[in-house]
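Now for the letters of each chain:
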Amino acid sequence: MSTLEGRRIIVTAGPTIEPIDPVRFLSNRSSGKQGYLIAEALAARGADVLLVSGPTCLACPDCVDRVDVETARDMLAAVETGLPADAFIAVAAVADWRPAERHDQKTEKSAHTASLQLVENPDILKTIAGHRRQRPSLVIGFAAETHDVLDRARAKRLRKGCDWIVANDVSGDVMGGDENAAWLITGNNETHWPRAPKQTLAENLAAAMDDHFATS
């Protein structure tokens, strides 16, 4: 029997979008595939999974509850509403910034150089890792990097206050693709998962979590 049986796990997936006006928005290339596959792998081990998803074209995995959101602020609110939980996995590629002003009507071209003022979005991973009363016992982040992957991921784990971090190099075809390679950094150990289908990475992470709860 899996130690994840009946455990409440919240997973974020996909991009967030930050509207400029009713037509335009800021976002990124995340497809949501990795997060959805992780949610599916956890559910297959009997976990009670809440998937908080930005806009994607993916079907919700079987036996997974999904909440659809658009912005980073919406995603944070949905995650906090889903607490308490045994584990939280921040897979989503959350926009770091949003337009300071959202226009109600489509903005028109101007003869002048356009400028866009930005403000910082809430840091979902750091916020959940810093919860005092409802912090999940295992908080896992993802570090999507294009260079100095391990060093940057190690620093991010400490900076965010999360327990584990999954580091992957997204300089190639990872975002939107079907394969991924990663390092699992737990603080005590660093495990390399070579390039394989994203489903394999999802199953590796679920197995690592199973082992963690078996010994904790």
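It should be noted that the structure appears before, not after, this text.
Residues numbered from 1 in each chain as written. Predicted model: local features only at pLDDT ≥ 70, side-chain atom pairs only at ≥ 80, totals over all residues. Heavy atoms only, no water.

(A) A nonpolar patch on the surface, seen in detail. A contiguous nonpolar patch, built from Trp-97, Leu-116 and Leu-118 and spanning about 290 Å² of accessible area, is present on the exposed surface. With respect to the helices and strands, Leu-118 occurs in strand 8 (residues 118-120). The exposure class of Leu-118 is partly exposed, given its relative accessible area of 37%. (Patch = residues over 30% accessible without salt bridge, like charges linked within 9 Å, V, L, I, M, F, W, Y side chains within 5 Å. Areas by Shrake-Rupley, 256 points an atom, 1.4 Å probe, with all protein chains shown as cover. Salt bridge = Lys/Arg side-chain N within 4 Å of Asp/Glu carboxyl O. Helix = DSSP H or I, 4+ residues; strand = E, 2+ residues; numbered from the N terminus. Buried < 20%, exposed > 50% of the residue type's maximum accessible area, 1.4 Å probe, protein only.)

(B) Molecular detail of the pattern of salt bridges. Counted according to the given criterion, the structure contains eleven salt bridges. Ionic pairing is found between Arg-24 and Asp-21, a salt bridge with its closest N-O pair at 2.7 Å. Assessed through its relative accessible area of 32%, Arg-24 is described here as partly exposed. With its nearest N and O atoms 2.7 Å apart, the salt bridge here joins Glu-190 to Arg-154. Remark: Arg-154 occurs in helix 4 (residues 149-160) and Glu-190 occurs in strand 12 (residues 190-197); sequence separation between them is 36 residues. Sharing partners across several salt bridges, the network here consists of Asp-151, Arg-154 and Glu-190.

(C) Focus on the sheet that holds strand 6 (residues 87-90). Across the sheet, eight strands lie side by side as 5-4-1-6-9-10-11-12; this open sheet has mixed pairing. Among the strands making up the open sheet, the edge pair consists of strand 5 (64-68) and strand 12. With direction set aside, neighbouring strand axes in the sheet form an average angle of 20 degrees. Docked against the sheet, helix 1 (residues 33-44) engages strand 1 (8-13), strand 4 (48-53), strand 5, strand 6, strand 9 (138-145) and strand 11 (179-185), running at close to 170 degrees with respect to strand 4. (Pairing = 2+ DSSP bridges. Axes fitted to C-alpha atoms, helices over the stretch in contact; angles between N-to-C directions. Contact = heavy atoms within 4.5 Å.)

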